[in-house]
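This is what each chain is made of:
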Amino acid sequence: MYRMLLSGVLLLLAVMPASAQVLSAAGEYNLARGLYFIEDKNKSLDINAVINEQNWSLSNKETGNFGFSTSRYWIKIPLNSEVQGRWLFELDYPLLDYVDIYWVENGEVIYSAQTGDNRPFAQRPLPFRQFVFYRMLQPGQEATLYYALETEGTFQITLNAYDEVHFERRNMLSAMVYGGFYGVFIVMAVYNLLVFFITRIRAYVYYVVFVLGFCILQMAYSGTGYQYLWPDHPEFNALVFPLVYALSQVTLLAFAANFLGVFTMGRWLGRYFYVLMMISAGLGLAFLLAPYHKVMPMLVLHALLVNLSAFVVSFWLAVRGKTYAGIYALASGIFIIGMFLTNLRSLGVVEGNFLTLHGYMIGSFLEVVLFALALAYRIADIQKAKRLAEKSAHFAQGQAIANLQKYERLYDSAVTGNFVLDRDGILLSANSTLQRYLGDEYREFKRYFQPQDALLALLAECKIKGQVNDATLCAQNGRWFSVSMKWLGNETGTIEGSLTDIQARVDAEHLRMKAEDDKSNALEKLVVGIAHSVNTPLGIAMTSTDFAREQLELLQREYKQNTLTREYFNTAVMEGQSSLQIAQQNLSRMGILLNHFKQISVKQMAYNVGELYLAELAEITRLAASSAGITLSLHLDENAHFLTFPEAVKFILQQWLQNTVAHAQNDKGVAISLTVKIYGGHLHVHYRDNGQLLAASELKHIFDPFYTSQRGSGRKLGLGLYQVKNTVHQLLHGTLETYIDNGLHFKMQIPTLGLDAKASTPDPV
């Protein structure tokens, strides 16, 4: 009874229909996952036998891959359509020799086609590089798609179904990619062929042949060559891929050997590359005599060996500092990775994906581009070596001329002071420049520099080392000089030297160091000021939030312990709200502070160029002075105008007024005087107040960041006048000065941004 039940279950499973792939909506469908296959080793099955066959194997891979095999493979794909329209079915591996297509409905063959790359291209259902046919489907229509596949290469099955719109988009994109790919290859070949005709460097010929071979190889691999170049020659199509593949290895070896200089690196290495070339050529000829599936794996492995050999040599040269070899190694390494992934897919080791499907194409594209770049670097190295050789020759020639004319050059009108000393440092001769540098005391050369020990040490060093020796010495007149000396040998017993005035360089270095110190001090003050201003509100906000968090934790604990009372809850909530309110207030204060800090940079203000009308400036000043209770004395021509950054000038005036209000309080009342004149293409502004006098030590710091005499009073930051200085110097490109003149006196001068400025008076203030 148990055996009968088991037999019934197995019979039911054998006749159970295969799970159909549902075309539920317009789009793209991968049919390879979920296909069924049978290996027909004897090639004895026909479509009728296959339709009734029950012993199918299921594939769950993204792409079918059966490696190298001489069998015939039958593919079965049950389909169920839920939409109406024209559907296209694609088998995207153009190197399959024979592809038979059968469309079966209700056990009957409704449509069939015979194609493959060993059959004429015109026999294909649709004229595409891949194998494509279409069917009109109706909702609820069920069918089974069968493929009978034979090839001497690898079985790679990439099956897709598209509605008409998606297929057109995908095919257009594919055409653009391949067109761009081949276009780049052809352009690179033509360009480098022209470079060869100019330079006559043999490596360019090998590169051009290599690039064209790669281009044809990719056309054969992708099926575009059979589609456009030789559609009526299937016998040629069957051989073009392996033959061009072998040719590409030969040209690659020739290019690598010539480009990397293999034959100059050692006899054994040159012979090794020759052997690799012979093997590549032999494998290409072997395709004419031996079966494809036996020769192709050997050619694939040999191609890996070829590329690895070139990669090792180029990497070794790159380690030795050859830039062009490093680029070659990078190109070769990328190509090896792409070829390795593609070959693993071809051999059925890994599944098909974007990298394994297109790795060879991507790698070859990058390799060709980088090879061209490496060639450019190689030419640059050759030209550099040539220039160095020419420079060396010119230098030798110059040295010869210099030796013949050395005594004449000593007394030329040179920029440096030239001289000759005896072995004891006594001056024998000098040119006019030296006399001008040292004055009437130039004959006392040995005693002219302080301290004298430095010059004596330089003389002793010249005699010991016998080479050019340099020192920086200070003369008695306080000027600095760079002194170079060379001992000419015991035969002449003299020392030849030169002296250069470097006082300007010393002064410039002192100024630079002072500027660096000033810059560091200003930056330190700015950082310390920002930290000081932000620290207090930040600390209060952190303390308040910590207190609120503790209240919430206590409230949660009381709740979990079931001891929470209404009174405790209300108290905790009120205290938490109060803490958060304090934190919010201090964070808002920080935001205001940070906005002030942001305004330090003039670039953040986004001022616009426009006309500054003095009438408007006068009105703004009157209103501000009136609201602050300040007595105003105004001197300007209200009919004049000036092209500048108006808002920046108003901002400067506003800061001066705020400074007066904050610092100029006295018993007599605050008074200011504003004088604005336009002349000489400049705007001259004089602002005076009657505030308390500043000490000289305070006046020089008035424009420093965070300098204020009222820190903490009304939250004074001490940034206003610092912003004024930045605006005048960085934006307006003017000058700003301050004086003690019965109060504080600001004097500003800025240039116009236009060709002319309407002047109010030609006289300065």
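Coordinates for the structure precede this section.
Residues numbered from 1 in each chain as written. Predicted model: local features only at pLDDT ≥ 70, side-chain atom pairs only at ≥ 80, totals over all residues. Heavy atoms only, no water.

Topic: the overall build of the chain
Spelled out, the test is: Numbered from the N terminus, helices here are DSSP runs of H or I no shorter than four residues, and strands are runs of E no shorter than two. Categorising residues by exposure relies on relative accessible area from a 1.4 Å probe, with only protein chains included: less than 20% of the type maximum marks a residue as buried, more than 50% marks it as exposed, and the intermediate range marks it as partly exposed. Note on contacts: a residue pair qualifies if any of its non-hydrogen atoms lie within 4.5 Å across the two residues. The method behind every accessible area is Shrake-Rupley, applied with a 1.4 Å probe, and residues are considered shielded solely by the protein chains displayed.
On a plain count of helices and strands, the chain comes out with 19 helices and 26 strands. Across the 765 residues that make up the chain, the buried fraction comes to 44%. Of the contacts formed within the chain by residues at least 6 apart in sequence, a portion of 69% connects residues at least 24 apart. For the chain, the exposed area adds up to about 41,000 Å²; of that, 58% sits on carbon and sulfur atoms.

Side note on the sheet that holds strand E2 (residues 28–30)
The following threshold applies: DSSP-based pairing: two strands are paired if at least 2 bridges between them are found. Helix axes are fitted to C-alpha atoms over the stretch in contact, other axes to C-alpha atoms as well, and angles between N-to-C directions run from 0 to 180 degrees.
Spatially, E2-E13-E7-E10 is the arrangement adopted by the four strands of the open sheet, whose pairing is antiparallel. Each edge of the open sheet is held by one strand with a lone partner, namely E2 and strand E10 (131–137). Looking at each pair of strands side by side, their axes are set apart by 20° on average, direction ignored. Taken together, the three bridges between E2 and strand E13 (residues 159–163) define a ladder with antiparallel strand orientation. In the sheet register, tyrosine 29 faces E13, and the bridge partner there is alanine 161. Sitting on the sheet, helix H3 (residues 164–199) is in contact with E2, strand E7 (85–91), E10 and E13, with an inclination near 115° to E13.

Let's talk about a nonpolar patch on the surface
Quick note on the threshold: Residues with no salt bridge and a relative accessible area higher than 30% make up the patches, which join like charges within 9 Å and nonpolar side chains (Val, Leu, Ile, Met, Phe, Trp, Tyr) within 5 Å. Any Lys or Arg side-chain nitrogen located within 4 Å of an Asp or Glu carboxyl oxygen qualifies as a salt bridge.
A cluster of nonpolar residues, Ile186, Val190, Leu193, Leu194 and Phe197, forms a patch on the protein surface that exposes about 440 Å² of accessible area. Relative to the helices and strands, isoleucine 186 is located in helix H3. Exposure remark for isoleucine 186: the relative accessible area of 45% places this residue in the partly exposed category.

Points about the nonpolar core
We apply this condition: Take the buried Ala, Val, Leu, Ile, Met, Phe, Trp, Tyr and Cys residues and link them wherever side-chain atoms come within 4.5 Å; each set so joined is a nonpolar core.
In terms of nonpolar packing, the biggest core is built from 100 residues, with Ile75, Phe89 and Tyr147 touching the most fellow members. Counting residues per element, this core draws most heavily on helix H6 (residues 234–260), at 13 residues. Non-local contacts of isoleucine 75, meaning those with residues more than four positions away in its chain, are made with Leu35, Tyr36, Phe37, Trp56, Phe66, Leu145, Tyr146, Tyr147, Leu149, Ile157 and Leu159. Counting residues in each nonpolar core, the second largest holds 37 residues, with Ala625, Val649, Val670 and Leu732 among its members.

Digging into the sheet that holds strand E26 (residues 744–751)
Hydrogen bonds between backbone atoms are what pair the strands of a sheet, whose relative direction is either parallel or antiparallel. Strand order across the open sheet formed by five strands is E21-E23-E24-E26-E25, with mixed pairing between neighbours. Edge positions in the open sheet fall to strand E21 (631–635) and strand E25 (735–740), since each of these has one partner strand only. Each strand axis lies, on average, 15° off the axis of its neighbour in the sheet, ignoring direction. Inspection of the sheet shows E25 paired to E26 by six bridges, in the antiparallel sense.

Regarding helix H7 (residues 267–286)
As a reminder of what qualifies: Multiplying one less than the number of residues by 1.5 Å gives the expected span of a helix.
Helix length check: H7, at 20 residues, gives a terminal C-alpha distance of 29 Å against a target of 28 Å (1.5 Å per residue), a fit within 8%. Inspection of H7 places Leu269, Gly270, Phe273, Leu276, Met277, Ser280, Leu283, Gly284 and Ala286 among the buried residues, and these make up the whole buried set. Among the structural elements, H6 and helix H8 (292–319) are those in contact with the buried residues of H7.

A closer look at the packing of aromatic side chains
Applicable threshold: Whether two aromatic rings pair depends on their centres lying within 6.5 Å, for rings of Phe, Tyr and Trp, where Trp uses its six-membered ring; planes under 30 degrees apart make the pair stacked, over 60 edge-to-face, and the rest tilted. Look at NZ for Lys and CZ for Arg. If either is within 6 Å of the ring centre and within 35 degrees of the ring normal, a charge sits over the ring.
Applying the stated criterion to the full structure yields 21 aromatic pairs. On the basis of an interplanar angle of 25° and a centroid distance of 5.4 Å, the ring pair of phenylalanine 89 and phenylalanine 133 is categorised as stacked. Here phenylalanine 89, found in strand E7, pairs with phenylalanine 133, found in strand E10; they are 44 residues apart in sequence, far enough to count as distant. There is no split in this pair, since phenylalanine 89 and phenylalanine 133 are both buried. Ring geometry for phenylalanine 121 versus tyrosine 226: centroids 5.6 Å apart, planes at 85°, classification edge-to-face. Placement of the pair is phenylalanine 121 in the loop between strand E9 (108–115) and E10 and tyrosine 226 in helix H5 (residues 224–228), with a sequence separation of 105 residues. Each member of the pair phenylalanine 121 and tyrosine 226 is classed as buried. Aromatic rings pair up to connect Phe89, Trp103, Tyr111 and Phe133 into one cluster. One Lys or Arg, arginine 86, reaches over the ring of tyrosine 134 and ends 3.9 Å from the middle of that ring. One Lys or Arg, arginine 200, reaches over the ring of phenylalanine 196 and ends 5.7 Å from the middle of that ring.

Details of the pairing of strand E19 (residues 494–501)
Look at any regular strand and the pattern is simple: side chains alternate between the two faces of the sheet. Across six bridges, strand E14 (residues 417–422) lies against E19 in antiparallel orientation. Paired with asparagine 418 across the strands is serine 498, a residue of E19. As paired strands, strand E18 (residues 480–487) and E19 are joined by seven bridges and run antiparallel to one another. Among the inter-strand pairings, phenylalanine 481 is bridged to a residue of E19, identified as aspartate 501.

Things to note about the packing of H6 against H8
Put simply, the test is: For classification purposes, an angle smaller than 35 degrees is called roughly parallel, one larger than 145 roughly antiparallel, one from 65 to 115 roughly perpendicular, and anything else oblique. With the far helix as reference, a near helix turned anticlockwise by less than a right angle produces a left-handed crossing, and one turned clockwise produces a right-handed crossing. Following the grouping adopted for this structure description, the nonpolar residues are Ala, Val, Leu, Ile, Met, Phe, Trp, Tyr, Cys and Pro, the charged ones are Asp, Glu, Lys and Arg, and the polar ones are all others, Gly among them.
Where H6 contacts H8, the two axes come as close as 11 Å, and the packing angle between them is 15°. Classed by the angle they form, the pair H6 and H8 counts as roughly parallel. Crossing hand, H6 versus H8: left-handed. Listed contacts from H8 to Ala238, Phe241, Pro242, Tyr245, Ala246, Gln249, Leu252, Leu253, Ala256 and Leu260 of H6 are Tyr292, Met296, Leu299, Val300, Ala303, Val306, Asn307, Ala310, Val313, Ser314 and Leu317. Here the contact of H6 with H8 is composed, by residue class, of 18 nonpolar, three polar and no charged.

Brief notes about the pattern of salt bridges
Note on pairing: side chains with opposite charge can pair once their charged atoms come close. According to the stated counting rule, one finds twelve salt bridges in the structure shown. Among the ionic pairs, glutamate 553 bridges to arginine 549, the shortest N-O distance being 2.9 Å. Here arginine 549 and glutamate 553 lie together in helix H14 (residues 503–560), a separation of four residues that amounts to about one turn. The exposure class assigned to glutamate 553 is partly exposed, which follows from its relative accessible area of 41%. Glutamate 616 is the salt-bridge partner of lysine 650, the closest N and O atoms lying 2.6 Å from each other. Taken together, the positions of lysine 650 in helix H17 (residues 646–663) and glutamate 616 in helix H16 (residues 614–628) put the pair 34 residues apart, joining distant regions of the chain. A residue is classified by how much of its surface remains accessible, and lysine 650, at 16% relative accessible area, is buried. Several salt bridges converge on common partners, so that one network encompasses Glu90, Asp92, Arg129 and Arg170.

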